[in-house]
Each structure stands twice: as structure tokens, then as C-alpha cells.
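This is what each chain is made of:
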Amino acid sequence: MSRILSSALFIVIVAALACVPFVADSYGVTLGIGMLGYVTLATAWALFSGPTRYVSLATVAFFGIGAYTVAVFSETIPYPLLLVTAGAIGLAVALVVGLSTLRLAGVYFVIFTFGLAELVRQLVTWYEVNVTGTLGRYIFLPVTPEGIYWQLLGLAAITFLISWWIGRSRIGLALKVIGDDEIVAAHCGIDIARVKLALFAISSVIITLVGAIQAPRWTYVEPTIAFNPTISFLTLIMALLGGAHRLTGPLLGAVPLFLLFEWLSANFPNHYSIILGLIFIAIVFILPRGVLAFAEENWRRWRKTEIKNLPAVAE
Amino acid sequence: MLVAALLSGLVLGGTYALVAMGLTLQYGISRIMNLAYGEMIIAAAFLAYVMFSTLGLNPIAGLLIAVPAGFALGYIVYGVMMSPLVRRARDKASLEIDSILATFGLLFVIQGIMLVTFGANFTSYSYLNDPVTIFGTVLAANRVLALVLAVVFGGGLYLLLTRTLWGTALRAVAVNPAAAPLVGIDVDRAARLAFALGGGLAAAGGVVISMYQTVTATSGVVFTMKALIVVIMGGVGNLIGALSAGLILGLVETFVATYVDPGLTLAATYMIFLAVLLWRPAGLFGRVAR
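Numbering of residues begins from 1 in every chain and follows the order in which that chain's sequence is written. Whichever chain is written first is A, and whichever ligand is written first is 1; the rest continue in order. Under the rules for a predicted model, residues below a pLDDT of 70 receive no local features and side-chain atom pairs below 80 are neither given nor counted, while totals for whole chains, interfaces and linings still include all residues. To obtain the side-chain values, all non-hydrogen atoms of the structure were used and water was disregarded.

Draft legend 1. The overall build of chain B, seen in detail. For chain B, the helix and strand inventory stands at ten helices and two strands. Mapped from its N terminus to its C terminus, chain B presents α and β elements in the order α-α-α-α-β-β-α-α-α-α-α-α. Over its C-alpha trace chain B gives a radius of gyration of 18 Å, about what one expects of a compact globule, namely 19 Å for 290 residues. Its C-alpha atoms put chain B at 55 × 45 × 35 Å along the principal axes. The secondary structure listing takes helices from DSSP runs of H or I that are at least 4 residues long and strands from runs of E that are at least 2 residues long, numbered from the N terminus. For this measure, only C-alpha atoms enter the radius of gyration; the expected value for a globule follows 2.2 Å times N^0.38, where N is the number of residues.

Following this line, the structure appears as C-alpha cells:
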């Protein structure tokens, strides 16, 4: 029953969001694109990093790969194939990174992903300067903001469905065991490296697609714009605030924080990253497992004290 | 050409080794993976720049201010930010993740403060930029001084850690933090000292770097990355390992920049990192873990 109810709710929400471009003005659509982008990024990030506890700092590496692929091939490849190409390149990079680092302790993975965006940025810059001789590209694609909005909404919905499906499948169960104790998981016959690699690949492809879909918004792209480390940072904060272990956690983190960041970058453009860092530290200290888990714990504790107090009242 | 590349590689490698020693102390003894380490280096470089350009203080005198300041900053950061995380952590892995996240936030705070104060421009100053001839090649005097300073600091730290009781206690914590209290070592105090010492070394590295390189407020990430690679190559907590790995990294970078392409140095660094990870995950000089 609750399953039918929640899927009905899901469809109603997606349908309602799909109607937004008909009523909102252009600023509203822009805001919607940014918000949907970050909701998708945070959910895709949590898809891999939530259950495995491998903190990936490489979000922008894949995001940038997607955006840059669109910029490079926008004149030679038709649009739908462009997204496929971007996804394929993202998948290839994810497999190389995953195969070489996911077998090792988590901290190596974190360090590698920490520098991955910088590495990709420098390689792209080097290639552009030495081989093609131009730094910076223009994107002229016949894609309207509404079109981008709907594509992102579709991607967000698919990401949610994948995340929901994984939570209920064999691979999801395997992931939960890996997250709790890798040694136990290995003894249960779970192929740890393969499960992690599959998840990392799915998550990275989604992130690459977000970059590819959003790319036409920029018109002009160069490596410093496409590989802006703030994107990795924001995604991480949002997923952590909401709680990376739950389906709706990243969503609950992304929406309020995106609005807050919009407001901050409009009002305090110079002190933006200081405030960002302080918020992040506060989240790590106060809500280490996310706002949802925090609320649930306190709700349960509050209920418990209620129940404890009841007999005392009766006496 | 070859000797010139070799010499400037040694200068760069010496600096990397100096910087990585601080990080290996912080990670090996305090068990804190400090992603804001490069920002501490850059902050010290800016401090040296300010002291040089406004007070006319030369960088050697600047070290006397920057190193204690870095030590104090490390001490405070550990006391305020890290020790609650250490107390909360259930095991080594969860402390690693918590410390990575907290210092990732710290990275943006320090970087933001530097951006507001100094802007995003390249900053450098000219100190001892006189030619010196060594083995038939001409090198700037400030680079030679940088190498000498790296050797003095690195050697001093090595002697401190291997020849004194105090240093032995720190190394004991690095080897086995659970058994160290059994022989009367205060692990919490050792961790705090090691973290502060790492901060001091970061500051020393920053001042040394500022003597011969241009820095921007956002270049800390690359230094953190290189220091981390050196630490992992050398084996976590291993000073001699960090020293050798730092020199190797500096030499490789200079050779790639001289003979291949300056734009590919970071890619070369990464290739080494990956090769080490796949071939010897415990580091070139590390013991096999577990």
C-alpha cells in the first residue's frame, strides 16, 4: 500500500515539476536548472559514497568531462549522440580510476579523487594549448533553458529510481554489508571490488551527464570554468547535510543549501568560500550523519521519554 | 642541461621533502589526514611576502616568526577541531573520514580568507636573485638557499626524532598508538605535538617556497596533493621515506618539465602515484601493512 502511495506521490511530484517552466519566468527556470542539477549531483554522489563510505572528491572531474565533451563535439555530433558520447567518456574514466584505486584502502581513493579534477583540468589545458591551439570554446546548440530543465528533471527522476532500485536489490544488500564491515563482506562471498566499481561507474556517468546537459547554459567554456572545485565541495556538503545513507537525504540537503548559496553568492560574493567552509565544518561536527538521521534519533528519544513519563502520570 | 636539471630538481625535491615531512608527522602520528595542509603552506608564503615587502624583513628572519606561528596554528587547530573528532571516532577509518571532511572545510575557509586579503593574483618577491655558479651551471642564489634550508630543517627534525627520548616517544605512537600508553606515553599529547610540529614544517616550507616560486591564494591544493603523494610513496610516518620520495618527485618533475613538456608535470606526478599504489601500496620504504 505504502509502496503504491509513494510511487504515486513520486509521479505527481515529477509531473508537477515538469509543469514549472509553463508558469515560471526565466529566472525561475534558471533557478530550477541549478537546483535540479545539484539534487542530481548530490543523489548520484550518495549513490556510491553513502553505502561504501568512500568519500569521492572527484565530482567536478566528471561534471567537467561532461561539459567539455559537449563543448568539443557540439558542432560535429548531433545532440542526443553528444550526451551518449559524454556518458561513454565519463564511464571510461570512471573505470580507469576505479580499477586502479578501489581495491586499496579508502584513504587512497579519497586522495586520488582529490587531485583528479586538477589533473584532468591540466591535461585538457595542455591538450588545448599544444594540440588544438585554442583555450576556451563556444557552444552554440539549439537547446532552450526549458529543454535543459526537462532533461535534468528526467535525469533526476532516473537517478532516484536507480537509487531506489539499488536499495532493494542484491547489489544494495551487498553494499550495506561492505559499508558495515568489508572483511565480513569478503567472507560472505561478495566480490567487493566489482560491486564498488559498478556503483562508482553508475554514479560517475550520471554526474558526467549532469555536466553535459548543463553545458549549453554557459555558451563559453574553458577548463577553469568547467573544472571549478566548488562544485565538488557543494555536492559533498549537500549530500552530507541531508544524510548520504538515505534515498531522500541528498534531496533534503540540496534544496535548502542551493537556495542559501544562491543568496550568499549574490550578497557576499567575496566571503562566499569562507562561509561555505564554516557551514561545512559545522555540518561535520553537529550533524555527522545528516539531518534526517538526527531528526529521527531525537524524535525517537523524545517519544521514549514521553512513554517513560506516562506511567508516572497514571500513578 | 643535464646538470642544470639535476640541480633544480634537487632544489624542488628538497622543498617537497621538507613539506611532506610535516604531513607525514600529522598523518602518521596524529592520524589526521589534513587536506588543508597546502593552505597552511601558502599562508606562510604570503606571510613571508608581507614581511618582506612591507617590513623589509628577509625570509630567513621571517622563518623565526612563521615557524612558531605555524606551530601555534597547528596546536590550536588540533585542540579545537581535531581532538573532538578523535574522541568521537570509533576506529581509524572513521577518524580518517571525519578528519578529511573537517579539513576539507578548513581548506575553503583558509583559502577564502587569503582570497579576500590578497586577491587571486600571482604573488612573488625578489630576494637573493643573484646568479651562483655550481658545477658549471648557473643557479639563482635563493634556490641554493632553499635547498640548504630544506636540508637543515629536514636533518634537524630527523635527529630530533631519532636521537631524543621525546622523538622516540613520538615514533612509538606512530608505530602502535594502542600500545604506546602501556609504556607511559601520553598519546593525546604526542598527537597534538606532532600536529603542531607538522604545522611548523608547513610554515617553513611555505617561506622556503616563497623565496623562489610565485604563489596564488588557490595554489595550496597542488601542494597538498604533492605532499600526500610523497607521504604515500615514502610510507606513512616514515621520515627517510618522505625525504627520498620528495627528492625523486622533484627530480622527475624537473626532468619532465625540461625534456618533455612543462604542462605535463602534474600528469607525471600522478603516473608515479598510480604506479606506487598498484605496485607497493605500503610505500616504497614502508612496511607491509597488516
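So much for the structure itself; the text now carries on.
Draft legend 2. Quick peek at the overall build of chain A. For chain A, the helix and strand inventory stands at 15 helices and two strands. Taken over C-alpha atoms, the radius of gyration comes to 21 Å for chain A, in line with the 20 Å a tight globule of 315 residues would show. Exposure categories follow from relative accessible area, calculated using a 1.4 Å probe and restricted to protein chains: below 20% of the type maximum is buried, above 50% is exposed, and the middle band is partly exposed. Residues counted as buried form 50% of the 315 residues belonging to chain A. In chain A, of all internal contacts separated by at least 6 residues, the share reaching a separation of at least 24 is 81%. Accessible area for chain A stands at about 15,000 Å²; split by element, carbon and sulfur atoms hold 69% of it. A contact between two residues is defined here by any heavy atoms of the two lying within 4.5 Å. Accessible areas in this description were obtained via Shrake-Rupley with a 1.4 Å probe; residue shielding takes into account the shown protein chains only.

Draft legend 3. Seen up close, the pattern of salt bridges. Residue and element names in this part refer to chain B. We count a salt bridge whenever a side-chain nitrogen from Lys or Arg sits within 4 Å of a carboxyl oxygen from Asp or Glu. Here the structure, examined in full by the defined rule, presents six salt bridges over all chains. When the shortest N-O distance is used, the salt bridge between R88 and D98 registers 3.0 Å. Taken together, the residues span a long stretch of sequence, with R88 in helix 3 (residues 59-88) and D98 in helix 4 (residues 92-118) at a distance of ten residues. Judged by relative accessible area, D98 falls into the buried class, the value being 13%. Taking the shortest distance from any N to any O, the salt bridge between D188 and R192 comes out at 3.3 Å. Of the two residues, D188 and R192 both sit in helix 7 (residues 187-212), four residues apart, roughly one turn of that helix. D188 sits in the partly exposed class, given a relative accessible area of 37%.

Draft legend 4. Inspection of the nonpolar core at higher detail. By convention a nonpolar core is built from buried Ala, Val, Leu, Ile, Met, Phe, Trp, Tyr and Cys residues, the set being connected through side-chain atoms within 4.5 Å. Membership of the largest hydrophobic core comes to 199 residues, with the highest contact counts inside it found for F114, L116, L236, M238, F261 and F280 of chain A together with F104 of chain B. Tallying contributions element by element places helix 7 of chain B first for this core, with 14 residues. With residues up to four places along the chain from it excluded, the contact list for L236 of chain A reads W45, V55, L57 and F280 of chain A together with L101 and F104 of chain B.

Draft legend 5. Spotlight on the pairing of strand 1 (residues 131-134) of chain B. If DSSP finds at least two bridges between two strands, the strands pair. Taken together, the four bridges between strand 1 of chain B and strand 2 (residues 137-140) of chain B define a ladder with antiparallel strand orientation. Of the residues in strand 2 of chain B, the one forming a bridge with T133 of chain B is V138 of chain B.

Draft legend 6. Structural context of empty space enclosed by the protein. All names here are of chain A. Grid points spaced at 1 Å over the protein atoms alone were grouped into cavities, where a 1.4 Å probe fits but cannot get out, and pockets, open sets with protein on both sides within 12 Å along at least five of seven lines, with lining residues defined by an atom within 4 Å of a point. Grid points are joined across faces, edges and corners, and a volume is the space filled by probe spheres set on the points. All told, the structure shown has two cavities of 30 Å³ or more when counted by the stated rule. As a volume, the largest cavity reaches approximately 50 Å³. If you go around the largest cavity, the residues you meet are W45, F48, S49, S56, A58, T59, F62, F200, S203, S204 and I207. Secondary-structure elements contributing two or more residues to the lining of the largest cavity are helix 3 (26-52), helix 4 (59-73) and helix 10 (192-214). Ranked by residue count, the leading element in the lining of the largest cavity is helix 10, at four residues. Under the scheme applied here, ten amino acids are nonpolar (Ala, Val, Leu, Ile, Met, Phe, Trp, Tyr, Cys and Pro), four are charged (Asp, Glu, Lys and Arg), and all others, including Gly, are polar. The residue inventory of the lining of the largest cavity, partitioned by class, reads six nonpolar, five polar and no charged.

Draft legend 7. Up close: the environment of F104 of chain B. Position of F104 of chain B relative to the elements: it lies in helix 4. Sequence-wise, F104 of chain B and L251 of chain B are 147 residues apart; in three dimensions their C-alpha atoms are separated by 29 Å. Residues contacting F104 of chain B, with those up to four places away along its chain left out, are L57, F114, F233, L236 and F280 of chain A together with L35 of chain B.

Draft legend 8. Quick peek at the UniProt feature "transmembrane region" (unreviewed entry) in chain B. Residue and element names in this part refer to chain B. UniProt positions are given in the numbering used here, feature names are shortened, and annotations may be inferred rather than shown by experiment. Here, UniProt's "transmembrane region" (unreviewed entry) annotation points to residues 6-25, 32-52, 58-78, 99-120, 140-161, 193-215, 227-252 and 264-282. The span residues 99-120 is 91% helical and 0% strand by assignment, and the distance between its end C-alpha atoms comes to 27 Å. Secondary structure across residues 227-252 divides into 85% helix and 0% strand, with the first and last C-alpha atoms of the span separated by 15 Å.

Draft legend 9. Inspection of the interface of chain B and chain A at higher detail. Every contact between the two is made by 41 residues of chain B and, on the other side, 36 residues of chain A. Put simply, buried area is how much 1.4 Å-probe accessible surface two parts lose in total, over both of them, once they are put together. A combined buried area of about 3,400 Å² lies between chain B and chain A, and 81% of that area is made up of carbon and sulfur atoms. Taken together, the links from chain B to chain A amount to zero salt bridges. As used in this structure description, the phrase polar contact means that two N or O atoms lie within 3.5 Å; if the pair is within protein, one of them must be able to donate a hydrogen and the other to accept it, and residues adjacent in sequence are counted only when both atoms belong to side chains. Inspection of the region where chain B meets chain A yields seven residue pairs in polar contact (both at pLDDT 80 or more). Taken together, the elements giving at least two residues each to the side of chain B that touches chain A come down to helix 3, helix 4, helix 8 (220-234) and helix 10 (265-279) of chain B.

Draft legend 10. Main features of the layout of surface pockets. Taken as a whole, the second largest pocket spans an internal volume of roughly 1,500 Å³. Lining the second largest pocket we find 47 residues, and of these E118 and R121 of chain A together with T218, S219 and V222 of chain B sit closest to its centre. Counting residues per element, the ones that place at least two in the lining of the second largest pocket are helix 6 (106-132), helix 12 (230-242) and helix 14 (272-286) of chain A together with helix 1 (2-28), helix 4, helix 8, helix 9 (239-260) and helix 10 of chain B. Looking at the lining of the second largest pocket, the element that brings in the most residues is helix 6 of chain A, giving seven residues. Its residues assigned to classes, the lining of the second largest pocket comprises 22 nonpolar, 20 polar and five charged.

Draft legend 11. Broad picture of the environment of A239 of chain A. Residues and elements named next belong to chain A. You can see A239 is positioned in helix 12. Of the residues examined, A239 reaches a relative accessible area of 0% and is grouped as buried. Sequence-wise, A239 and G32 are 207 residues apart; in three dimensions their C-alpha atoms are separated by 18 Å. If we skip the residues at most four places from it in the chain, A239 touches A42, W45, A244 and P250.

Draft legend 12. Representation of the packing of aromatic side chains. Each pair of aromatic rings taken from Phe, Tyr and Trp, with Trp reduced to its six-membered ring, is defined by centres within 6.5 Å and is described as stacked if the planes are under 30 degrees apart, edge-to-face if over 60, and tilted in the remaining cases. Taken as a whole and judged by the stated rule, the model has 25 aromatic pairs over all chains. Here the aromatic rings of F233 of chain A and F104 of chain B are separated by 5.0 Å at their centres, their planes lie at 80°, and the arrangement is edge-to-face. Residue F233 of chain A is found in helix 12, and its partner F104 of chain B is found in helix 4; the two belong to separate chains. Residue classification places F233 of chain A among the buried positions, given a relative accessible area of 0%. For F104 of chain B, a relative accessible area of 5% puts it in the buried group. Put simply, the rings of F48, Y54, F62, F109 and F200 of chain A pair up and form one aromatic cluster. Both a distance and an angle decide whether a charge sits over a ring: NZ of Lys or CZ of Arg must be within 6 Å of the ring centre and within 35 degrees of the ring normal. When the ring centre of Y75 of chain B is taken as origin, the NZ or CZ atom of R192 of chain B, which lies over that ring, is 5.8 Å away.

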